[in-house]
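Structural description and commentary
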Amino acid sequence: MEIEFAKSAQSTLGVEWELALVDSTTGDLVSVADEVLRGVNVNDPSLREDEEHPHIKQELLENTVELVTGVCRTVAEAKADLARSLAAVRRVTDPMGVELFCAGSHPFSTPRSQPVTDKERYAKLIDRTQWWGQQMLIFGVHVHVGLDSRDKVLPVLDGLVNYFPHFQALSASSPFWSGEDTGYASQRALMFQQLPTAGLPFQFASWAEYESYVQDMFTTGVIDSISEIRWDIRPVPGLGTIEMRVCDGLADIRDVGAIAALTQCLVHEFSSILDAGGSIPTMPPWHVQENKWRAARYGMEAIVILDAEGNEKLVTDHLLEDVLPRLEPVAAELGCSAELADVRTIIERGGGYRRQRSIAAENDGDLRAVVLDGIAQLRGA
């Protein structure tokens, strides 16, 4: 099969931010997404009550809404877009006594007790995946970056895979699952990969190989739509983007901006290397797989593999000493220097998984305090 890659301006971006709906007093999840979305539409005279909002969407579970930006040129523009959507949601949720929470997972709710959104594609997913599909009580941040040539897609994907542990470590915020400390920084990373076609992407030598893979998935009935390829990093041919889906949910819009800036800068750097006739180094899949596990387990304390030769470094040291200084000129070109600098702030403050464990310890293990703290963080944003 032939897969067209839509035209997209180089390094434009879009951001998706998944938010949990929770009771403002208890921190329990509340399945009121339908009511919230109707209310958002009622407040927008340009939309019918039953019309899909262009920037505020349903997700798999009825306890979740997703904020989706338009096509943006800068990270600041994307943050402003998200802030407008966040305000629109709060105008509905505040009178309902519903708060917003964002982390890689909800720390104490039981996954299988959460109602699924009434859509055919979600019903089919749950029917096929059964217990694993019923565990998808997870929230994330996704960043799309535009590419101006189909020939760049797979080399850029390979380049981003090298930075999988960096994104995972910076965002890891799901240490608890169903009320239990898993010992991991990101339970979400290991849970989401249980779905068919989810997890780390395959690495292909050519677009034709990728097309052949997609054809095989259709032929054997694994997928009905190319969007059902749920890799952690994936091409989105219909939008002309590469999508970074690694990150756990983030409670602060500044952190969302930092992740978006790091993604945009890396993609732009890779694109420029390819424009100049260069190539992007790759790592063998066993190193990539090990890096994912290390970042999920240890977060910012992960010592990650940097290259095919097996050189290693603490992930935060690599970011602070190598990656961020190298990307500063790229950020200046893209207008996201301030947002890229917020990556340092995340490192200095410590990961979300650390904060959650600290809050739980201060409150004798009461995980409701973790949710209430997350609510306050998002309010502060």
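Within each chain, residues carry numbers counting from 1 in the order of the written sequence. Whole-chain, interface and lining totals are the exception, using all residues; otherwise, since this is a predicted model, local features are given only for residues with pLDDT of at least 70 and side-chain atom pairs are given and counted only at 80 or more. To obtain the side-chain values, all non-hydrogen atoms of the structure were used and water was disregarded.

Under an unreviewed UniProt entry, the name given to the protein is Putative glutamate--cysteine ligase 2, and the source organism is Arthrobacter yangruifuii. UniProt positions are given in the numbering used here, feature names are shortened, and annotations may be inferred rather than shown by experiment. Of the protein, the UniProt comment under Function (unreviewed entry) reads exactly: "ATP-dependent carboxylate-amine ligase which exhibits weak glutamate--cysteine ligase activity." The UniProt entry for the protein carries this comment under Sequence similarities (unreviewed entry): "Belongs to the glutamate--cysteine ligase type 2 family. YbdK subfamily."

**Let's talk about the pattern of salt bridges**
The working definition used for a salt bridge is a side-chain nitrogen of Lys or Arg within 4 Å of a carboxyl oxygen of Asp or Glu. Within the structure shown, the criterion is met by 24 salt bridges. A salt bridge links Arg294 to Glu290, with the nearest nitrogen and oxygen atoms 2.8 Å apart. Of this pair, Arg294 and Glu290 both sit in helix H9 (residues 285-298), separated by four residues, roughly a single helical turn. For every residue, the accessible area (1.4 Å probe, protein chains only) is compared with the maximum for its type, and the residue is labelled buried under 20%, exposed over 50%, or partly exposed between those bounds. With a relative accessible area of 17%, Arg294 lands in the buried category. For Glu321, the salt bridge is made with Lys313, and the minimal N-O distance between the two is 2.9 Å. Overall, the relative accessible area of 23% leaves Lys313 in the partly exposed class. Labels follow the DSSP assignment, with helices taken as runs of H or I lasting at least four residues and strands as runs of E lasting at least two, numbered in each case from the N terminus.

**Topic: the environment of Leu334**
The topology assignment puts Leu334 in helix H10 (residues 315-334). Put simply, Leu334 and Val68 are 266 residues apart on the chain and 21 Å apart in space, counted from C-alpha to C-alpha. If near-sequence neighbours (up to four positions away) are discounted, Leu334 is found in contact with Ser11, Thr74, Gln264, Cys265 and His268. Contact between two residues is taken to exist if any of their heavy atoms lie within 4.5 Å; hydrogens are not considered.

**A closer look at helix H13 (residues 367-380)**
Take the residue count of a helix, subtract one, and multiply by 1.5 Å to get its expected span. Taking 1.5 Å as the rise per residue, H13 with 14 residues should run 20 Å; its terminal C-alpha atoms sit 20 Å apart, in good agreement. Considered for burial, the residues of H13 that qualify are Leu367, Ala369, Val370, Val371, Asp373, Gly374, Ile375 and Leu378. The inward-facing, buried residues of H13 abut strand S1 (13-23), helix H2 (75-96), strand S4 (98-101), strand S6 (176-177) and helix H12 (352-362). As used in this structure description, the phrase polar contact means that two N or O atoms lie within 3.5 Å; if the pair is within protein, one of them must be able to donate a hydrogen and the other to accept it, and residues adjacent in sequence are counted only when both atoms belong to side chains. Regarding H13, its N-cap is Asp366, as a side-chain oxygen of that residue lies 3.0 Å from the backbone nitrogen of Arg368 further along.

**Examining the nonpolar core**
Think of a nonpolar core as a cluster: buried Ala, Val, Leu, Ile, Met, Phe, Trp, Tyr and Cys residues, connected wherever their side-chain atoms sit within 4.5 Å. Membership of the largest hydrophobic core comes to 92 residues, with the highest contact counts inside it found for Trp17, Phe167, Ile242 and Leu262. It is helix H8 (residues 253-275) that contributes the most residues to this core, 11 residues altogether. Of all hydrophobic cores here, the second largest spans 28 residues; its members include Tyr122, Ile126, Ala360 and Val371.

**Examining the state of the cysteines**
When two cysteine sulfur atoms lie within 2.5 Å, the pair is treated as a disulfide. A complete count under the given rule lists zero disulfides for this structure. Considering cysteine sulfurs only, Cys247 is the nearest to Cys102, which forms no disulfide, with 11 Å between them. Here Cys102 falls in the buried class, since its relative accessible area comes to 4%.

**Brief notes about the packing of aromatic side chains**
Any two rings among Phe, Tyr and Trp, with Trp reduced to its six-membered ring, count as a pair given centres within 6.5 Å; such a pair is stacked if its planes are under 30 degrees apart, edge-to-face if over 60, and tilted if neither. Applying the stated criterion across every chain, the model contains 14 aromatic pairs. Taking 4.9 Å as the distance between ring centres and 80 degrees as the angle between the ring planes, the aromatic pair formed by Trp131 and Trp132 counts as edge-to-face. Taking relative accessible area as the criterion, Trp131 reaches 41% and is therefore assigned partly exposed. Owing to a relative accessible area of 37%, Trp132 belongs among the partly exposed residues under this scheme. Their ring planes at 40 degrees and their centres at 6.3 Å tell us that Tyr163 and Phe270 sit as a pair that is tilted. Taken together, the positions of Tyr163 in the loop between helix H4 (153-161) and helix H5 (164-171) and Phe270 in helix H8 put the pair 107 residues apart, joining distant regions of the chain.

**With respect to the environment of Gly39**
For Gly39, the location among the structural elements is in helix H1 (residues 33-42). When its relative accessible area of 17% is taken as the criterion, Gly39 is described as buried. The spatial distance from the C-alpha of Gly39 to the C-alpha of Glu211 is 42 Å, given a sequence separation of 172 residues.

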